[in-house]
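Architecture and fold: a report
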Amino acid sequence: MKRFMIAVLFVGIFTFLPGQAFADWQTDFKTLADAGDVQGAISGAMASGAAPCDILKMGMTLDVNPYTLMNMIFTQNSQAAKEVAVCAEGFDILPELVARALFDAGGDPADIGLAYTPVAGQRANLGVAPGQQQRYRHEGAAASPTQ
């Protein structure tokens with residue numbers, strides 16, 4: 001009888017605690033992300049043991065920029081690259097964006113089967129839909145927007 005009670009106690013503890021920790025990191029993540037501290041939200045979630053894919057999903061539901069999410073996840077956990085790349089496919093995030101976020105975090109996109117070649121002198125226009133970018137032309141020393 002004593003063994004049975006101990007077994008029930010352990011089962012109860014191990015089924016309750018992970019669910020509680022999961023709920024806690026989500027609440028903290030939402031609070032910090034809403035306050036603009038995405039880095040703190042990701043750090044706290046990873047410290048609580050949240051899976052990188054779960055962090056990406058939570059951030060996407062809160063409309064956090066996917067590049068920012070992935071870059072910060074890769075910066076803190078470079079081993080999560082393959083998992084995040086697979087998860088990103090479910091959100092229709094372009095592989096090029098995953099590769100850029102990994103590259104900018106110091107990782108090598110080739111390690112997870114993604115091709116990425118940075119172009120010298122160009123800066124990515126992340127978060128802007130194609131056709132919505134402003135085009136600039138060079139006029140002497142100053143650049144001005146063209147319509």
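An account of the accompanying structure is given in this report. Throughout, residues of each chain are indexed from 1 in the direction in which the sequence is written. The predicted nature of this model means local features are confined to residues of pLDDT at least 70 and side-chain atom pairs, given and counted, to a pLDDT of 80 or more, with totals for whole chains, interfaces and linings taken over all residues. With hydrogens and water stripped out, all remaining heavy atoms of the structure feed into the side-chain values.

What follows is about the packing of aromatic side chains. Any pair of Phe, Tyr and Trp rings, taking the six-membered ring for Trp, is counted once the centres come within 6.5 Å. Such a pair is stacked with planes under 30 degrees apart, edge-to-face with planes over 60 apart, and tilted for the rest. Enumeration according to the criterion identifies 2 aromatic pairs in this entry. Between Trp25 and Phe29 the ring centres are 5.9 Å apart and the planes differ by 90°, which places this aromatic pair in the edge-to-face class. With Trp25 and Phe29 both in helix H1 (residues 2-34) and 4 residues apart, the pair spans about one turn of that helix. Just as Trp25 is buried, Phe29 falls in that class too. Measuring from ring centre to ring centre gives 5.1 Å for Phe103 and Tyr116, while their planes differ by 50°; the resulting arrangement is tilted. Placement of the pair is Phe103 in helix H6 (residues 95-104) and Tyr116 in the loop between H6 and strand S1 (135-139), with a sequence separation of 13 residues. Each residue is placed in one exposure class: buried if its accessible area under a 1.4 Å probe, protein chains only, is under 20% of its type's maximum, exposed if it is over 50%, and partly exposed if it falls in between. Residue Tyr116 is classed as partly exposed on the basis of its relative accessible area of 25%. In DSSP terms, a helix is any run of H or I states spanning at least four residues, a strand is any run of E spanning at least two, and both are numbered starting from the N terminus.

Glancing now at the packing of helix H4 (residues 66-76) against H6. Where H4 meets H6, the axes come as close as 8 Å, and the angle between the chain directions of the two elements is 40°. In terms of orientation, H4 lies oblique with respect to H6. At the point where H4 passes H6, the crossing takes the right-handed sense. Seen from H4, the contacting residues are Pro66, Tyr67, Met70, Asn71 and Phe74; seen from H6, they are Leu97, Val98, Arg100, Ala101, Leu102 and Asp104. Fitting a line to C-alpha atoms yields each axis, with helices limited to the stretch in contact; the angle taken between N-to-C directions then spans 0 to 180 degrees. Under this scheme an angle from 65 to 115 degrees is roughly perpendicular, one under 35 degrees roughly parallel, and one over 145 degrees roughly antiparallel; angles in between are oblique. Here is the rule for handedness: rotate from the far helix to the near one, and if that takes an anticlockwise turn smaller than a right angle the crossing is left-handed, while a clockwise turn gives right-handed. By definition in these notes, contact holds between two residues if any of their heavy atoms fall within 4.5 Å.

Bringing helix H2 (residues 38-47) into the picture now. By the burial criterion, the buried members of H2 are Val38, Ala41, Ile42, Ala45 and Met46. The buried side chains of H2 occupy one side of the element, clustering within an arc of 125° when seen end-on. Two residues or fewer after H2 comes Gly49, characterised by a positive phi angle close to 90°. Arc definition: directions from the helix axis to the C-beta atoms.

Let us now look at the state of the cysteines. Two cysteine sulfurs form what is called a disulfide whenever their separation falls within 2.5 Å. Taken as a whole, this structure holds 1 disulfide when the rule is applied. Here Cys53 pairs with Cys87 through a disulfide, and the sulfurs are 2.2 Å apart. Judged by the torsion about the S-S bond (80°), the Cys53/Cys87 disulfide is right-handed. Separated by 34 residues along the polypeptide, Cys53 in helix H3 (residues 52-61) and Cys87 in helix H5 (residues 81-90) bring together distant segments of the chain. As far as burial versus exposure is concerned, Cys53 and Cys87 are alike and both buried.

Burial within H3 is extensive, with 7 of its 10 residues counted as buried. Those residues of H3 that fall on the buried side of the exposure criterion are Pro52, Cys53, Ile55, Leu56, Met58, Gly59 and Met60. Just downstream of H3 lies Asp63, where phi reads positive at about 60°.

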